[in-house]
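Remarks on the overall topology
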Amino acid sequence: MGVGGRLRAVLFAFPAALAGLGLVDREKGEDAFELAVPVMVTGTVRTVLRTADFFMVSLALTDAAVAGLEFAFQYYFVGFGLALALSSGTISVVSRLKGAGEDARADLAVKQSLWLAGVVSAPLMVVSWVAAGDLIAVLTDDFATVQQGAVYLRIVMLALWFRFWALIASRALAGSGDTRTPMYVNLVSVPTNLALNAVLIFGLLGFPALGIAGAAWGTAIANTLAAGIFFWLLLS
């Protein structure tokens, strides 16, 4: 048995133990666990990403930049929350239609969700670009924090539609029973995000040191990359 087989045996000891206690049916428990593990991996790597963002900004910049990053995140999470709500509806509809064998209607549901993503994200992108400073100023009166937060918010929100797209595509695949592909996409986009952040925040490899703007551009580019990969996968 290879390393992958041994790791799988260790992981699947958990549903086997639950089945041994009579709490779940072993086959159904293993099926559910197989779907859940990639989702847990994806959630973990994205948590690591946010932690690394704050760590790198704290090393390179001032306390005001760290505070600005946190305040900007609060508005970014408004968009993320809306994307999560839309994608939750998508996974529900897609899973139901796929289970009923209505693949064409499931595909239509995904397309409609992607169009809705544009409708919902576009106003948020415009408002964040035009009024970033005013939005951050609602949360703090520190001038330096407002400046740093506004820089991050303007840039990162430029790719909000791509974040919507990636999340909806990820949930659509999960609704069809495929949680591994979204995990693989995140295992490409998240390290890319980390690498770009390091390069652009600190000015490595000949690039200029952009500070908090570098963190924003790294995230925006990585979100665009993830959306592009999902777009290619959905068309293939």
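Throughout this description, residue numbers start from 1 for each chain and increase along the sequence as written. Where local features are concerned, this predicted model is filtered to residues with pLDDT of at least 70; where side-chain atom pairs are given and counted, the filter is 80 or more; whole-chain, interface and lining totals use all residues. Side-chain calculation: all heavy atoms of the structure are included, whereas hydrogens and water are not.

**A few points about the overall build of the protein**
Per the secondary structure count, the protein includes nine helices and zero strands. Burial classification: accessible surface area is computed with a 1.4 Å probe over protein chains only, and a residue below 20% of its type maximum counts as buried, one above 50% as exposed, and the rest as partly exposed. Burial statistics for the protein: of 236 residues in total, 39% are counted as buried. Residue pairs at least 24 apart in sequence account for 70% of intrachain contacts in the protein once pairs closer than 6 positions are excluded. Carbon and sulfur atoms provide 69% of the accessible area of the protein, an area that totals close to 12,200 Å². Here a helix means four or more residues in a row that DSSP labels H or I, a strand means two or more in a row labelled E, and each is numbered from the N terminus. Here, residues are in contact when the closest pair of their heavy atoms is within 4.5 Å. Method for areas: the Shrake-Rupley scheme with a 1.4 Å probe, in which residue coverage is limited to the protein chains shown.

**A closer look at a nonpolar patch on the surface**
For patches, a residue must show more than 30% relative accessible area and have no salt bridge; joins then use 9 Å for like charges and 5 Å for nonpolar side chains, namely Val, Leu, Ile, Met, Phe, Trp and Tyr. We define a salt bridge as a contact between a side-chain nitrogen of Lys or Arg and a carboxyl oxygen of Asp or Glu at a distance within 4 Å. A cluster of nonpolar side chains, namely Val126, Trp129, Val130, Leu158, Leu210, Trp217 and Ile221, defines an oily patch on the protein surface of about 660 Å² accessible area. Counting only elements with at least two residues in the nonpolar patch, the list comes to α5 (103-137) and α9 (212-235). With three residues, the top contributor of residues to the nonpolar patch is α5. Looking at where Leu158 falls in the secondary structure, it is placed in the loop between α6 (143-156) and α7 (160-175). Classification of Leu158 as partly exposed rests on a relative accessible area of 36%.

**Quick notes on the confidence of the model for the protein**
The pLDDT value expresses, per residue, how confident the predictor is, ranging between 0 and 100. Looking at the protein, pLDDT values average 84 and 86% of them are 70 or higher. Mean pLDDT per element in the protein: helix α1 (residues 3-11) is the minimum at 59, and α6 is the maximum at 95.

**Observations regarding unusual backbone geometry**
Phi angles above zero are rare outside glycine, and Leu205 is one such case at about 55°. A relative accessible area of 75% means that Leu205 is categorised as exposed.

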